[in-house]
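Spelled out, the chains give:
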Amino acid sequence: MKSGWISPWWQAFALPDEWDVCGVAVPPLSVWHVFALCNLGNAYLTKSTPDLDDAASLLLICSKDMAKGKELLLPNMANKRCRNIIKMAKRIKGLDAEYIERACGEYVDTCTRTPSRFSKGGGTGHPPAVPFTWHIVMLMSDRLPGGLTAAWNMPYAYGACLYDAYAEMKGDDSILSTAAQEMEDNWEYYKGIKGTKQIELVGSA
Amino acid sequence: MAADQKGTGSLTFGGQATQAAIHITVPANSIIESVTFNDGGAPQYEDVMDEDGAMHTRITFESSMDTATVVVIGAAYASEAGDVDGSSSNYYIESVSAEYSKGPRRTTITCTRIPTIA
């Protein structure tokens, strides 16, 4: 295992309670934040090229919990939302554009890092119809004292890890082991290793 | 038992005096994720080095097992189901299946005892 590598399980557990992203205090990206930002088409979540508006929108959404964030997204709040995004954009505008992109990208990447899965080649599976965030909420709302609200507000990476743990308990064998995950994360190194080795299965008397 | 045995293996007569090794060839960076036997026996792992310096992983199991399932992270060159590495082996490859991620590949190989006619 390469030194310095951190497993997604450990990272999800050890996420800080608060981040400072471009001078804005935000909690770890929650299930709600991921759901909202994906639906808003935010470039940091859709992996397209982000601009200042994406960064401002990301920080605005992430600085609020589900209740306050939802209010902001109501149709009659469009003007206020725009004003707030502009205000947020002005707040971070003085910063270097590359720094903003790097800080926001690191925040999103870290908070959304979850274990990977294997898929059967040419399998018969189909893409899920229900967004993954709803699966997490469905699983966690009965298990958290705060119910649905607490499930939406829990850190996304933590919720995804809990969901995977539950899935494996129920027989899902597609989740990468820690060793395989490390190999995937360092694939550029591993894929270049030449040579073969043998596994021998030998029966004892 | 798979009915369509292929490769160099054959029915073994007169019991299993020889428990020859089953060889599964994998890339050097492969990781053995799990080895399970149908009789629940605990395998023993041992890393050994050949005369030519090549590393092997030897897994010793109790001879009572009928099937062994080896899961490795990496491609396994156990060739196709039914092929036996060496004609003296009492086991053959029952099935080989692969799963894929963005990087590594996971291969599951199931070995089955060749039926014995005493």
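A quick note: this is a predicted structure, and the numbers were derived from the prediction, not measured. (Residues numbered from 1 in each chain as written. Chains lettered and ligands numbered in written order. Predicted model: local features only at pLDDT ≥ 70, side-chain atom pairs only at ≥ 80, totals over all residues.)

## Describing the overall build of chain B
- Assigned secondary structure in chain B consists of 0 helices and 9 strands.
- The linear arrangement of helices and strands in chain B, starting from the amino end, is β-β-β-β-β-β-β-β-β.
- Per-residue burial over chain B gives 30% buried out of 118 residues.
- At a minimum sequence separation of 6, the contacts of chain B that also span at least 24 residues come to 67%. (Helix = DSSP H or I, 4+ residues; strand = E, 2+ residues; numbered from the N terminus. Buried ≥ 20, exposed ≤ 12 C-beta atoms within 10 Å, placed from the backbone. Contact = placed C-beta atoms within 7 Å.)

## Quick notes on the overall build of chain A
- Per the secondary structure count, chain A includes 12 helices and 4 strands.
- Projecting the C-alpha coordinates of chain A onto the three principal axes gives extents of approximately 80 × 40 × 35 Å.

## As for the packing of helix H2 (residues 31-39) of chain A against helix H4 (residues 52-62) of chain A
Residue and element names in this part refer to chain A.
- Close contact between H2 and H4 brings their axes to 10 Å; oriented N to C, the two are set at 145 degrees. Like other packed secondary-structure pairs, H2 and H4 cross with a definite hand, here right-handed. In this structure, H2 contributes His33, Ala36 and Leu37 to the contact, and H4 contributes Leu58, Ile61 and Cys62.
- Of the residues that constitute the contact of H2 with H4, the class distribution is 5 nonpolar, 1 polar and no charged. (Axes fitted to C-alpha atoms, helices over the stretch in contact; angles between N-to-C directions. Left-handed = near helix turned anticlockwise from the far one by under 90°. Nonpolar A, V, L, I, M, F, W, Y, C, P; charged D, E, K, R; others polar.)

## Observations concerning the sheet that holds strand S3 (residues 119-120) of chain A
- Strand order in the open sheet formed by 5 strands is S3(A)-S7(B)-S8(B)-S6(B)-S3(B), with antiparallel pairing between adjacent strands. Either end of the sheet is taken by a strand with one partner, and the two such strands are S3 of chain A together with strand S3 (31-37) of chain B. (Pairing = 2+ DSSP bridges.)

## Details of the interface of chain B and chain A
- Opposite the 36 residues of chain B that make contact, chain A presents 28 residues.
- Where the side of chain B that touches chain A is concerned, the elements lending two or more residues are strand S2 (22-27), S3, strand S5 (55-62), strand S6 (67-73), strand S7 (91-100) and strand S8 (105-113) of chain B.
- Per-class residue counts for the side of chain B that touches chain A are 19 nonpolar, 11 polar and 6 charged.

## Describing the pairing of S8 of chain B
Residues and elements named next belong to chain B.
- Among the 9 residues that make up S8, 7 are buried, leaving the element largely enclosed by the rest of the structure.
- Looking at chain direction, S6 and S8 are connected through 7 bridges and run antiparallel. Bridge pairing in S8 links Val71 to Thr108.
- Pairing of S7 with S8, which is carried by 9 bridges, proceeds in the antiparallel orientation. Its bridge partner being in S8, Tyr100 is matched across the sheet by Arg105.
- The turn linking S7 back onto S8 is made up of 4 residues.

## Notes on helix H11 (residues 178-185) of chain A
- Of the positions making up H11 of chain A, those classed as buried are Ala180, Gln181, Glu182, Met183 and Asp185 of chain A.
- Tucked into the core, H11 of chain A has its buried residues touching helix H1 (8-13) and helix H12 (187-190) of chain A together with S3, S6 and S8 of chain B.

## Thoughts on the nonpolar core
- Counting 42 residues, the largest nonpolar core has Val31, Leu58, Leu59 and Cys104 of chain A as the members making the most contacts within it.
- A total of 7 residues in this core trace back to one element, the largest contributor, which is H4 of chain A.
- For Leu59 of chain A, the contacting residues outside a window of four places in its chain are Val21, Cys22, Val24, Val26 and Met88 of chain A.
- Counting residues in hydrophobic clusters, the runner-up holds 25 residues, among them Tyr190 and Leu201 of chain A together with Met65 and Ile109 of chain B. (Core = buried A, V, L, I, M, F, W, Y, C linked by C-beta atoms within 7 Å.)

## A closer look at the environment of Pro16 of chain A
Residue and element names in this part refer to chain A.
- The residue Pro16 is located in the loop between H1 and strand S1 (19-21) in this model.
- Judged by C-beta crowding, with 11 C-beta atoms within 10 Å, Pro16 ranks as exposed.
- Sequence separation between Pro16 and Arg91 is 75 residues, and the spatial gap between their C-alpha atoms is 23 Å.

## As for the packing of H2 of chain A against helix H8 (residues 132-140) of chain A
Residues and elements named next belong to chain A.
- At a closest axis distance of 9 Å, the pairing of H2 and H8 adopts a crossing angle of 155 degrees. By the criterion of interaxial angle, the relationship of H2 to H8 is roughly antiparallel. Along this stretch, H2 crosses H8, giving a crossing that reads as left-handed. For the pair H2 and H8, contact is made by Val31, Val34 and Phe35 and by Thr133, Ile136 and Val137, respectively.
- For the contact of H2 with H8, the per-class residue count stands at 5 nonpolar, 1 polar and no charged. (Parallel < 35°, antiparallel > 145°, perpendicular 65-115°, else oblique.)

## A closer look at the pairing of strand S4 (residues 44-49) of chain B
Residues and elements named next belong to chain B.
- With 0 of 6 residues buried, S4 lies mostly on the surface of the structure.
- Of the strand pairs in this sheet, S4 and S5 are connected by 6 bridges, and their pairing is antiparallel. By the bridge assignment for S5, Tyr45 is matched with Ile59.

## Comments concerning the confidence of the model for chain B
Residues and elements named next belong to chain B.
- Chain-level pLDDT for chain B is 71 on average; 65% of the residues reach the 70-or-more range.
- Here strand S1 (residues 12-13) stands out as the element of chain B with the lowest mean pLDDT, 36, in contrast to S6, whose mean of 89 is the highest.
- Quick note on the complex model: pTM equals 0.80, ipTM equals 0.72. (pLDDT = per-residue confidence, 0-100.)

## A look at the environment of Ser34 of chain B
- The topology assignment puts Ser34 of chain B in strand S3.
- Take Ser34 of chain B: there are 12 C-beta atoms within 10 Å of it, and that puts it in the exposed class.

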